[in-house]
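# Report on the structure
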Amino acid sequence: MTTTRFAPSPTGYIHIGNLRTALMNYLIARKAEGTFILRIDDTDPERSKEEYVDGIKQDLEWLGLHWDRVERQSERLDRYAAAADELRDKARFYEAFETPTELDLKRKKQLNMGKPPVYDRAALALSDAEKETLRADRGNGVWRFKLDHERIEWHDGILGDISIDAASVSDPVLIRGDGQVLYTLASVVDDTEMGVTHVVRGSDHVTNTATQIQIIEALGGTVPSFAHHSLLTGPQGEALSKRLGTLALRDLREQGVQPMALLSLMARLGSSDPVELRAEMAELIDGFDIGRFGSAPTKFDVEDLFPLTARHLAGLPLEAVQDTLTDAGVPAEKAAQFWAVTRENITTLKDLAPWWVMMRDGAEPEIDAEDAEFVAEAMKLLPEAPFDDQTWASWTAEVKAATGRKGRGLFMPLRKALTGQAQGPDMSALMPLLQVVKARG
Ligand code: GLU
């Protein structure tokens, strides 16, 4: 059965960069009617925070990316210890004692000699007595996985055929000196034991994948299908700025971005399929194909989310926004009329409250100097509120007859005088909601 997982480390909130990872894994699982696991990678007790675990869940729920079960790495430490023992038994695990400074020095020397900075495996030559001395001196060493020096190959769901020379990669550290199990091992144990069949993650994990394939094989597990999506760049292809790269979903939500707008964009961006606003998650699931994504960096422009949000909102029925209208102070008996008038004229739901305030209290009129006389004359012809859906037509006809103005020159100054804006809803429909006209003077 198809099983995928989204495996965030709870050291921060979900941001735009890792949303793609979550979404792709979710879509693969749902399309195959498989299982989607939310795995909390919390082996680092210092940096992992419960508030982020909660935040990650809230963000996924907001988006409708429902998981089938939650797994926590911090509750599986005995499994990782067992795997470590197995690697020791199989002579694929060795203790190394170099300090970070020593490793750094080695790397610099290698680079100076034009060699790749790969760990030289000096620790493999240590005798038991030497290790004892080092341990007494420096405390426990780190545990490194001994890679087989052969080519590691896989067919990547996005990148195609990959072949990496294991000799060009350092033997990965899987357990730190203080005993903390690192992600590289924990993730492999989980993927194997939880039957994960597909792993989609960012292309910054490609080297990890190479070493993890060997670890999975050493532990007798089945290698899942891997796919590595490209990293996001800014709209011009520039590296995503710190600000944008870590743009949290909760900030987007705060700015009024709608889930379906965000999902519609992120489920297709970087693929050969066009980005189209979808009304339902089911449509995104149906049309999803990881094979259509390219390896080139994916341009992301946060501004694209707003037109999609506007279009999504314009298509919503009254029930979907009723609570927002109530919060904005729109009286229940005017809600339907208000929504019909405003739905095409908002970018986010935050724009609703200002429209209502404008209708209730009147807008600050916007009157160009050359129109001042004309507007003053027109205002004398405007009947008293309440207006109805005929008011605009009959009033502007009267104004036209009285002033000789027509077309844009007639309508635009009146719209600006009444609403304070050059753009907005159809005036015939808006007039019945307008309770105060400040331009009346
Ligand atoms: N916790 C890892 C990360 O956030 C998971 C990577 C993976 O998907 O294996 O980078």
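In what follows, the accompanying structure is described.

Definitions and limits used
- Residues numbered from 1 in each chain as written.
- Predicted model: local features only at pLDDT ≥ 70, side-chain atom pairs only at ≥ 80, totals over all residues.
- Heavy atoms only, no water.
- Helix = DSSP H or I, 4+ residues; strand = E, 2+ residues; numbered from the N terminus.
- Rg over C-alpha atoms; globule rule 2.2 N^0.38 Å.
- Buried < 20%, exposed > 50% of the residue type's maximum accessible area, 1.4 Å probe, protein only.
- Areas by Shrake-Rupley, 256 points an atom, 1.4 Å probe, with all protein chains shown as cover.
- Pairing = 2+ DSSP bridges.
- Axes fitted to C-alpha atoms, helices over the stretch in contact; angles between N-to-C directions.
- Contact = heavy atoms within 4.5 Å.
- Near = heavy atom within 4 Å.
- Polar contact = N/O pair within 3.5 Å; in protein donor to acceptor, adjacent residues only side chain to side chain.
- Nonpolar A, V, L, I, M, F, W, Y, C, P; charged D, E, K, R; others polar.
- Right-handed = clockwise from strand over helix to strand, strands pointing away.
- Phe/Tyr/Trp six-rings, centres within 6.5 Å; stacked < 30°, edge-to-face > 60°.
- Core = buried A, V, L, I, M, F, W, Y, C linked by side-chain atoms within 4.5 Å.
- Salt bridge = Lys/Arg side-chain N within 4 Å of Asp/Glu carboxyl O.

The number of helices and strands found in the protein is 19 helices and 12 strands. Here the C-alpha radius of gyration of the protein, 31 Å, is well above what a compact globule of 441 residues would show, namely 22 Å. Referenced to the eigenvectors of the C-alpha coordinate spread, the extents of the protein come out at roughly 105 × 45 × 40 Å. Counting over 441 residues, the protein shows a buried share of 47%. For the protein, the computed accessible surface area is about 20,900 Å², with 49% contributed by carbon and sulfur atoms.

Here is the key point about a regular strand: its side chains alternate between the two faces of the sheet. The side-chain alternation of strand E4 (residues 93-96) yields two buried faces, one formed by Phe93 and Glu95 and the other by Tyr94 and Ala96. In this sheet, strand E5 (residues 142-145) lies alongside E4 in antiparallel orientation, the contact comprising four bridges. Bridge pairing in E5 places tyrosine 94 opposite arginine 144.

We now examine the sheet that holds strand E3 (residues 69-72). Taken together, three strands build an open sheet; the order of strands is E1-E2-E3 and the sheet is parallel. At either margin of the open sheet sits one strand with a lone partner, and together these are strand E1 (3-6) and E3. Across the sheet, the mean angle from the axis of one strand to that of its neighbour is 30°, orientation sign disregarded. Where strand E2 (residues 35-40) lies against E3, four bridges are found, and the strand directions are parallel. Residue pairing across strands places isoleucine 37 opposite arginine 69, the latter belonging to E3. Where helix H2 (residues 50-63) meets the sheet, its contacts fall on E1, E2 and E3, and the angle it forms with E2 comes to roughly 155°. Packing against the sheet, helix H6 (residues 183-193) makes contact with E1 and E2, and its axis sits at approximately 150° to E2.

Every residue near the ligand is listed here: Arg5, Ala7, Ser9, Asp41, Tyr183, Ser187, Arg201 and His205. In the environment of the ligand, an oxygen atom lies 2.7 Å from a nitrogen or oxygen atom belonging to the side chain of arginine 201. For the ligand, an oxygen atom lies 3.0 Å from a polar atom in the side chain of histidine 205. Relative to its unbound accessible area of 300 Å², the ligand is 79% covered by the protein chains. Of the residues belonging to the shell around the ligand, the class tally is two nonpolar, three polar and three charged.

Glancing now at the pairing of strand E9 (residues 198-202). By the criterion of burial, E9 is predominantly enclosed, with four of the five residues buried. The pairing of E9 with strand E10 (residues 225-229) spans five bridges and is parallel. Looking at E10, one finds that arginine 201 is bridged to histidine 228. A crossover connection joins E9 to the parallel E10 through helix H7 (residues 206-218); in handedness this β-α-β unit is right-handed.

Quick look at the packing of aromatic side chains now. Following the criterion strictly, the structure yields seven aromatic pairs and no others. Both rings, one in phenylalanine 93 and one in tryptophan 143, keep their centres 5.5 Å apart while their planes meet at 35°; by these two values the pair is tilted. Of the two residues, phenylalanine 93 is situated in strand E4 and tryptophan 143 in strand E5; the sequence distance between them amounts to 50 residues. With a centroid separation of 5.7 Å and an interplanar angle of 45°, the aromatic rings of phenylalanine 288 and phenylalanine 293 are classed as tilted.

This brings us to the nonpolar core. With 48 residues, the main nonpolar core has Leu65, Leu262, Met266 and Phe300 as its most contacted residues. When contributions to this core are tallied by element, the ones reaching two or more residues are helix H1 (16-31), E2, H2, helix H9 (249-254), helix H10 (259-266), helix H11 (281-286) and helix H12 (305-314). Looking at this core element by element, the count peaks at nine residues for H1. Beyond its immediate chain neighbours, meaning those up to four positions away, phenylalanine 300 contacts Ile16, Leu232, Thr233, Gly234, Pro235, Leu247, Leu265, Met266, Leu269 and Leu305. Membership of the second largest hydrophobic core comes to 37 residues, among which are Ile346, Trp356, Leu382 and Leu433.

The next subject is the pattern of salt bridges. Under the criterion given, the structure shown has 32 salt bridges. A salt bridge links arginine 76 to glutamate 193; the shortest N-O distance between them is 3.0 Å. Residue arginine 76 is found in the loop between E3 and helix H3 (77-89), and its partner glutamate 193 is found in helix H6; the two are separated by 117 residues along the sequence. Among the ionic contacts, a cluster of salt bridges with common partners joins Arg5, Arg39, Asp41, Arg76, Arg79, Asp190, Asp191 and Glu193.

Before going further, it helps to examine the side chain of threonine 348. Structurally, threonine 348 can be placed in the loop between helix H14 (335-342) and helix H15 (352-361). A relative accessible area of 5% places threonine 348 in the buried class. Those residues in contact with threonine 348, other than ones at most four positions away along the chain, are Gln255, Gly256, Phe306, Thr309 and Leu313.

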